[in-house]
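Descriptive structure summary
The lines below spell out each chain.
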Amino acid sequence: MNIYDMHIHIFSRTNCENKPDPSGLITKMEAGGVYGGCLFSNYPEPSKSTGTCFEARMEELMKWTEGYKNRLFPILWIHPDEKNILENMETAVKQGVMGFKIICNNFYVYEEKCMELLRKSAEMNKPVIFHSGILWDNQAASNYNRPLNWEHLLQIRGLRFSMGHCSWPWVDECMALYGEFQNSPIHKDGAEMFLDITPGTPKLYRKDLLTKLYKIGYKTSGNILYGTDAIADKYDSETVKRWRIMDGEFLDELEVGKEERKLMYQDNLMRFLGIDGN
Amino acid sequence: MKIYDMHIHIYSRTKFVDKPDPHLLISNMEDAGVYGGCVFSNPPKEEHPTQGTAFDVRLKELLQWTEGYPDRLFPILWIHPDEENILEKMEKAAEKGVMGFKIICNNFYVYEEKCMTLLRKSAEMNKPVLFHSGILFDNQVASKYNRPLFWEELLTVKNLKFSMGHCGWPWTDECLALYGEFKFAPVLPKEEAPEMFLDLTPGPQEPYRKDLLTKIYGMTSWKFDDHLMFGTDCSADHYNPNYAKKWLDLDGEALDSLNVSEESRQKIYQDNLIRFLGIDSSAKKR
């Protein structure tokens, strides 16, 4: 089994060495026992003053993933207020982008301008990786990120999307929403929801989260994704290892089998990204 | 260590006493081992058309309830943003010795401009605001105004000190997550950033209490210590020592099992409130 980290940020202009260095990143990931993962581009301009334009983001993202096609997967962070966003999404996919990252920082996911992007992603068979849950973003933006707002995505045919941090502190609401997606009559043709277990959840809540994920009685194991929220230019192998050891102990206690762990660390992400072709 | 109860209500015209009696209140508090605390005025008419009272009546009654015990009974005026000339009234109250303001969002959201104005005024006068948060048993449909997340907007209110009553129960996880945001992702520089305190007043009943304290003391890196305060929700005119003692004992057992130090307990029961009210002017922002 290869372990994939589906939640790694590039933040441009950090204090760290921010020149794209995919081989350096891979070395640090390997030290943390991680084989590969998803890299999110820098913020788009409409999200923050430190955001960058489409071309700059794309260039930096592709440099960060260059040379590791089957290990580092480029994910473009987009915002519905970007000019020509639908065309930009198409260009990004042509250049190798494998999915889109969206953080609802000043809009609701169900607003038409966002739904339009989601329909486009689905049409291109590219998944969308959302933040969900409280958003520590130096502004009052958490209200946009309550999981229930995502109920509107039930109707988007063919979309695959993930809910970052299992929406902490609204984990129960997130789980309930997952149940709704699984059991909805339109589920067969509608959107598929994945649960991104990136912390988020402080350590003290972790066991409770994993217990709920694996014992709730819904078919969850095929939709759980592992991530760290690490930053590309300072990927901290030790922290990554510590969390995985802790998760491992909880998974042992919960008697989560090898096959289910393989789904979480590897297979689900492949399916989410459309790599396995099934 | 002295124990302060930061959440005591005056409800005018009850059957228990017909006039303010601070000695009786202190005597009942002492029976529970409580030294002093914050006494909230009766609600304004704009909050409760039938039970509420006008500003002058409330203020007079409040000051009578705290008279003679300036270092033990701290007067807190309950206000509502729809009160006429409320900003002037707040100034007048502070001049008369009011040490903070109580607000319950019963028909408005905390982030509405009419409320934000009051909060900026409180901060400017260096007076804290004691909020209710969480479900509101108030004989009206008002809980929706009291979800902790709405207080996120206060990130921009310079130098405000405010407390979240009942730790936002049943939304305690949301309340703790919000605390993290105020602490770790402030909008303003630290010297101007607002400070959020957690008012442990039940609210969270027995089955939830240990869970709450376990989270608070289990998330050690969040350092909640400096922002926790003890309260009971007792009424001034029939302060129930047995009820106050019951919670002190229950919490004590929980704190023992969580190995909470004496120093931390002194903060919950005494030091944090003194800093919150601005009594200890040398205390630094945490």
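Residues numbered from 1 in each chain as written. Chains lettered and ligands numbered in written order. Predicted model: local features only at pLDDT ≥ 70, side-chain atom pairs only at ≥ 80, totals over all residues. Heavy atoms only, no water.

1. Re the overall build of chain A
The cut-off we apply is this: Secondary structure is summarised from DSSP: a helix means a run of H or I of at least four residues, a strand means a run of E of at least two, and numbering begins at the N terminus for each. Within these notes, the globule rule equals 2.2 Å times the number of residues to the 0.38 power, and the radius of gyration is based on C-alpha atoms. Relative accessibility under 20% of the residue-type maximum defines a buried residue, over 50% an exposed one, and the middle range a partly exposed one, all with a 1.4 Å probe and only protein chains included. It only takes one pair of heavy atoms within 4.5 Å for two residues to be counted as in contact. The Shrake-Rupley method, run with a 1.4 Å probe, gives the accessible areas here. Residue values count only the displayed protein chains as cover. Here the positive residues are Lys and Arg and the negative ones are Asp and Glu; neither His nor the chain ends is included. The atoms used to mark charge sites are NZ of Lys, CZ of Arg, CG of Asp and CD of Glu.
From N to C terminus, chain A includes eight helices and nine strands. A compact globule built from 278 residues should have a C-alpha radius of gyration of about 19 Å, and chain A, at 17 Å, falls within 12% of that. With the C-alpha coordinates of chain A rotated into their principal frame, the extents come out at 45 × 45 × 40 Å. Here chain A holds 278 residues, and 59% of them are scored as buried. Excluding contacts between residues fewer than 6 apart, the proportion of contacts in chain A whose partners are at least 24 apart in sequence is 79%. Element-wise, carbon and sulfur atoms account for 47% of the exposed surface of chain A, whose accessible area totals about 11,500 Å². Across chain A, 33 positive and 39 negative side-chain charges occur, with their mean positions spaced 2 Å apart.

2. What about the nonpolar core?
It is characteristic of soluble globular proteins that their nonpolar side chains tend to be buried jointly. Convention followed: Buried Ala, Val, Leu, Ile, Met, Phe, Trp, Tyr and Cys residues form a nonpolar core when they are joined through side-chain atoms within 4.5 Å.
Residues A:Leu118, A:Leu153, A:Phe161, B:Leu119 and B:Leu154 are the most contacted members of the largest nonpolar core, which totals 160 residues. Those residues in contact with B:Leu119, other than ones at most four positions away along the chain, are B:Ile103, B:Val110, B:Val129, B:Phe131, B:Leu154, B:Val157 and B:Leu160.

3. Some thoughts on the pairing of strand S6 (residues 160–163) of chain A
Remark: a regular strand shows side chains that alternate across the two faces of the sheet. All names here are of chain A. Quick note on the threshold: Strands pair, by our definition, only if DSSP identifies at least two bridges between them.
Residues Arg160 and Ser162 line one face of S6 and the alternating positions Phe161 and Met163 line the opposite face, and both faces are buried. Relative to S6, strand S5 (residues 128–130) is paired through three bridges, and the arrangement is parallel. Residue Phe130 lies in a different strand from S6, and its bridge partner there is Met163. As paired elements, S6 and strand S7 (residues 192–196) share four bridges and run parallel to each other. From the neighbouring strand, Arg160 faces S7, where its bridge partner is Glu192.

4. Focus: the environment of A:Val171
Positionally, A:Val171 belongs in helix H5 (residues 171–183). Aside from chain neighbours lying at most four places away, what touches A:Val171 is A:Cys166, A:Thr201 and A:Leu209.

5. Looking at the sheet that holds strand S4 (residues 99–102) of chain A
Residue and element names in this part refer to chain A. This is how it is decided: The axes are straight lines fitted to the C-alpha atoms, using for helices just the contacting stretch, and the angles between their N-to-C directions are given from 0 to 180°.
What the nine strands build is an open sheet, ordered S8-S7-S6-S5-S4-S3-S2-S1-S9; its pairing is parallel. The two strands at the open ends of the sheet, each matched to only one other strand, are strand S8 (224–225) and strand S9 (230–231). Sheet contacts for H5: S6 and S7; angle to S7, the most-contacted strand, approximately 155 degrees.

6. As for helix H4 (residues 112–123) of chain A
Residues and elements named next belong to chain A. This is how the line gets drawn: How far a helix is expected to stretch is found by multiplying one less than its residue total by 1.5 Å.
Between its first and last C-alpha, H4 extends 16 Å over 12 residues, near the 16 Å set by a 1.5 Å rise per residue. By the burial criterion, the buried members of H4 are Cys114, Met115, Leu117, Leu118, Lys120, Ser121 and Ala122. Contact partners of the buried residues in H4: helix H3 (85–94), S4 and S5. Once H4 ends, the next one or two residues include Asn125, with phi positive near 60 degrees.

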